[in-house]
Each structure stands twice: as structure tokens, then as C-alpha cells.
Amino acid sequence: MAGTLRNESNWVQFLGVLGLQSMATDDFFRARLDTMIDLRHPLAVLARQLPWDRIEQTLAPKFTHQDRPAKAAVVADLLGEHALEFGGGISNAGRPRLSIRLMASLLYLKNAFNLSDEELVQRWSENVVWQFFSGMDYYEPRLPCDATQIGRFRRAIGEEGLEQLLKSTIETAIQTKAVKPAELERVIVDTTVQEKAIAHPVDSRLLEIARHKVASAAKRAGIVLKQTFVKEGKELRRKAGGYAHAKQFNRLRKTVKRQRTILGVLMREVQRKIDAQTQAVAAGGQPEREPSGPTALSELQMWLQRAERIRTQQRYDKNKLYALHAPEVECIGKGKARKPYEFGVKVSLAVTHKQGLMVGARSFPGNPFDGHILSAQLEQTTNLLQDLGRKPTQAIVDLGFRGVDADNPGVEIIHRGKYKTLTNQQRRWLKRGQAIEPMIGHTKSDNRMDRCWLPGALGDALHALSCAAGYNIRWLMRAIVRLAAKRLSLAQFGLALYGQISVSSAGHAAMGVV
């Protein structure tokens, strides 16, 4: 009995340290989640600390019904023709949306625990702590939503919404005193490559895919082709792979040359058929076959343009096309011995100098020079910190960012090129600048930045921000454990000291009585 009371007192003491209170059960037949889980779990503590109301207030305008203009139409009845308007105003049609807190928490959990959309919704239905983090009061043995709704929610909130999610994690770190506000003024900035989910670009493979795409798009556009080279294209692709593996490069070059030839033949035939069909329609005739959809011809033109880039690009050309479905992919070399070239987009990350909290993540299409993106990265960090009354005043960077002091007024840029003019304190700060490298590694291996599956340049930007928010959730979970252990140890030390003082006072009082 004494042990039970002692455990209960420790429980109440811990809740008081975290600023939490036990919640009553208002449903006799169901137990609340807060009575089923350990409220000392970092996610349970974080569920009470994140500013969910502010997140919902910021994201809610993205999902409001828009005021649409009315459509005019002429209706004929027994009394004649009448002009009517319909469909205008704000419509309440459609299924009610899911809770914004639920969807935002799913985005947090997805990148914090490195899960796909399908794995995320499945584990959510089995994990009571995750449901408590998402704002549920009672256990729900069902999927929170369809897996595809997570991607649609992410596209709907856009970069602005994901920046709000990242900003909320920074504010929570300040609120829980895991980071001092003054630490936000000194940041470490570095760049990395966020690789795209594409196959390694090989000429023979790209040429075969271009041939297949052009032939399929022509069929959808209603164009009948004399020959599509399906059988020969597959055989040439197989031969090219075998010759490359056997290092028979003369035969490989001859095979790739033939692939370029048949792709050019196919493209010229498609273009002739398009011109003839356009002239026939202009003369009042009908196309040989109707397109399968209204966008079939425009899609065919897009694939023709990309196929022409694939067919004509040479080894040392600039702005090459590395994936037909992802033309935004760049070839970036970061000097790694194990991986000389990476195919994706350059991403800049900013973390606090002392604690390593991520305060900025931004993608930069086009592979710009590192120094030219520093001002944009610091601008994003300043926007994220503006409600806290702080902005970065010192940036620790590598030599790739040198020579841009004039572009960043008010920010002290510290790098190894200035080593002789640095103070001893600045040299110690510079030595700490290497700490961002393992943080980048953890963001890639633990928070999904190693491979981006989202389409387009917008997908690259959204993915970088999502990974940064997931990294901060993991960081906050570790910080909560550290702070709770520190506060409990201080509380136990205080109780022990108070007990010694009490015993000492009682002894002195007894001696006085004697």
C-alpha cells in the first residue's frame, strides 16, 4: 500500500513538473485516451504544448468555400425564353472536411517516423499515443483517412502552410525552454542535395522511354502511325544493357545511335500527321480519329519537346534532361567519393548553433551557387522567427558562401576564409559549424529527405519543409525527455536537501530542550 501511494505521489509530482493535469472520464462506457496512455510519453507531452489553435487558425482559410460567380443561361418554356442565373455564391455542397489538427499531426508523424502514407494511416489506427497526439479523446480502431488525402492536404496548404507547421515547432521549443531565445540569433547554414525518385539516367533507357511516351501519346491523340518500333526498341534496350555490362563500348555506341535514329523517325512522322490533321480541320474536315480527351494534343506536344531534348543532348551539354517525368531534376556534384553525382535539387538548411534546432529549409531549383542563396535562406529564417522578436545576426558557413557579405547587411558571416581576422570566440563558433553535417544525415535517413517522391519543383519545396518539421518533432521529443529528467532530479535533490535541513533543525531543537 505504501509503495502504491508513493508511486501515485511521484505520478502527481511528475505531472506538476510538466504542467499537466489529470482529466476526468465523462463517458461511463469508454475510457479516455489520457487514462490509457502514459502521459509522460514525449508525444503526449508535446500534444499539450504545440499551438494547435494557432495552426488551425492559419490553415483554415485554405479550406473555406469560395464565392463563385453565377452562370447565366437562357431557358425556354411555354411562356417564352427567360435569362436565368444559377450556381453563384458560396456552396455548402460536399463532404465535411476532416479536422485540421488531425491532418497536420499526420504530416508531423509521417516525417518524424519516416513512414509512407499507407504505413502512417495503418499505424495510426493501432497506436493510442499517436491518436492522443492527433487530438482524439477516445480510441478509434479505424483509419484516420484515406492515404491519398494526406498528399491532397499537403498540396492544399502549400509552402505557406508547411512553414507554419515548422514555425510552430520552433515556438514550442521556446515555450518549453528547450532553447533560449538568444540562441536563435546565431545559426549554421549549409546545403545538401535532395535526390528525386528517378532511375539513374542512362542514354539508352531515356531514348526507349521517350519512344514509348511519344507513341502512346500519339495513339491517345488519334494519330495512326505507320510504325512504332516497339519490338526493335525493346531489343535495342536489352542489347545496350548487355554491351554496357560487358564494356563493349563500340557496340554500345552503335546501339544507342540506332535508338536515336528510330526516335527521330517516329517524331517526324508524328509531326507530319499533326500538321496534316491541323490543315484538314482548318479546311472544315474531320480528323482521322477523335482524340481520347481534350488535352491529348497538348500532352503530345509536351512529350515531343522532351523527346527532342533527349534525342539531341550530348554528353557535355548544359541543362540536360535526366528524367522525362521530372524535367526539374539537376545533376549536382558535391565532391563525395562514394557518390560523385546526385540527381535532384539543392536544399539549404539552417539550424541553431548551440542546440541544433532546425529554423529553416528551402529548395533552390537550377543548382545556384551557394553564396547566392544565403540571403534567401536567411530571409526565410527571419520570417519564421519574427513572432519571437528575433532574427539571425550571425551565420556560420563553409567556404562555398564566401564573398556575399555585401548581399547580407546586418548579418555577420563567419567562415574559414576569415580565420586570421576572427576572435577566439568566433573561432570556437566556427569549429562548431561542422555539427550541421550529422543533422543533415539524420534528416535524410530518419526524416525522408534522402528521396523525394513528390512531383515538380513545388513538390521539392514541400518535401524539404516537411522533413524539417519532422526533424524538429524528433528533436522536441528528445528535449522533453532531457528536461523532464533534469527537473525531476532537481526536485528530488531539493526534497533530499529539505529533509536534511528538517532533520538538522529537529536535532538542534531537541538539544535545546535538553
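Preceding block: the structure.
Residues numbered from 1 in each chain as written. Predicted model: local features only at pLDDT ≥ 70, side-chain atom pairs only at ≥ 80, totals over all residues. Heavy atoms only, no water.

(A) Just the overall build of the chain, in detail. When helices and strands are counted, the chain shows 15 helices and 10 strands. Within the span of the chain, comprising 514 residues, buried residues form 43% of the whole. When contacts within the chain are restricted to residue pairs at least 6 apart in sequence, long-range pairs at least 24 apart make up 69% of them. Accessible surface for the chain amounts to roughly 28700 Å². Of this, 54% is attributable to carbon and sulfur atoms. (Helix = DSSP H or I, 4+ residues; strand = E, 2+ residues; numbered from the N terminus. Buried < 20%, exposed > 50% of the residue type's maximum accessible area, 1.4 Å probe, protein only. Contact = heavy atoms within 4.5 Å. Areas by Shrake-Rupley, 256 points an atom, 1.4 Å probe, with all protein chains shown as cover.)

(B) Expanded view of unusual backbone geometry. Its identity as a non-glycine residue notwithstanding, Phe229 has a phi of 60 degrees, on the positive side. For Phe229, the location among the structural elements is in the loop between α8 (203-220) and α9 (230-245). Here the phi dihedral of Arg448 falls at roughly 75 degrees; this positive angle occurs in a residue that is not glycine. Relative to the helices and strands, Arg448 resides in the loop between α14 (436-446) and α15 (456-513).

(C) A look at the nonpolar core. Counting residues in hydrophobic clusters, the biggest one holds 95 residues, and the most contacted among them are Leu46, Tyr108, Phe133, Leu165 and Trp475. No other element matches the 14 residues that α15 contributes to this core. Discounting residues that sit within four places of it in the chain, Tyr108 has contacts with Leu50, Trp52, Ile55, Phe133, Leu165, Ser168, Thr169, Ala469, Gly470 and Ile473. (Core = buried A, V, L, I, M, F, W, Y, C linked by side-chain atoms within 4.5 Å.)

(D) Spatial organisation of the pattern of salt bridges. Under the criterion given, the structure shown has 20 salt bridges. Between Glu235 and Arg238 there is a salt bridge; the shortest N-O distance is 2.6 Å. One end of the pair is Glu235 and the other is Arg238, both in helix α9 and three residues apart, which spans about a single turn. For Arg238, a relative accessible area of 52% translates into the label exposed. Within the structure, one salt-bridge network assembled from shared partners comprises Arg32, Asp34 and Asp137. (Salt bridge = Lys/Arg side-chain N within 4 Å of Asp/Glu carboxyl O.)

(E) The side chain of His353, seen in detail. Note that His353 resides in the loop between β7 (342-352) and β8 (358-364). Engagement of the side chain of His353 in a polar contact is seen with the backbone oxygen of Trp429, the distance being 3.0 Å. (Polar contact = N/O pair within 3.5 Å; in protein donor to acceptor, adjacent residues only side chain to side chain.)

(F) Inspection of the packing of aromatic side chains at higher detail. Applying the stated criterion across every chain yields a total of five aromatic pairs. Pairing Trp52 with Tyr108 gives two aromatic rings, centres 6.2 Å apart and planes at 70 degrees, and the pair type is edge-to-face. Separated by 56 residues along the polypeptide, Trp52 in helix α3 (residues 52-59) and Tyr108 in helix α4 (residues 100-112) bring together distant segments of the chain. Grouping residues by exposure puts Trp52 and Tyr108 together as buried. Judged by centre distance (5.4 Å) and plane angle (75 degrees), the rings of Trp52 and Phe133 are edge-to-face. Pair noted here: Trp52 is in helix α3 and Phe133 is in helix α6 (residues 128-133), with a separation of 81 residues, a long-range link. Relative accessible area serves as the criterion here: at 6%, Trp52 is assigned to the buried category. Every member of this aromatic cluster is reached through a ring pair, and the members are Trp52, Tyr108 and Phe133. Note that Arg30 overlies the ring of Tyr138, its terminal NZ or CZ placed 4.0 Å from the centroid. (Phe/Tyr/Trp six-rings, centres within 6.5 Å; stacked < 30°, edge-to-face > 60°. Lys NZ or Arg CZ within 6 Å of the ring centre and 35° of its normal.)

(G) Summary view of the side chain of Thr191. Within the secondary structure, Thr191 is located in strand β5 (residues 186-195). Owing to a relative accessible area of 5%, Thr191 belongs among the buried residues under this scheme. A distance of 3.0 Å separates polar atoms of two side chains, one belonging to Thr191 and the other to Lys334. At 3.2 Å, the side chain of Thr191 and the side chain of Asp370 are in polar contact. What Thr191 contacts, discounting residues up to four positions off in sequence, is Lys334, Lys346, Val347, Ser348, Asp370, Ile373, Phe401 and Ile440.

(H) Representation of a positive patch on the surface. Taken together, the side chains of Lys177, Lys180, Lys354, Arg478, Arg482, Lys486 and Arg487 make up a positively charged region of the molecular surface. Here Lys486 is to be found in helix α15. (Patch = residues over 30% accessible without salt bridge, like charges linked within 9 Å, V, L, I, M, F, W, Y side chains within 5 Å. Lys, Arg positive; Asp, Glu negative; His and termini not counted. Charge placed at Lys NZ, Arg CZ, Asp CG, Glu CD.)

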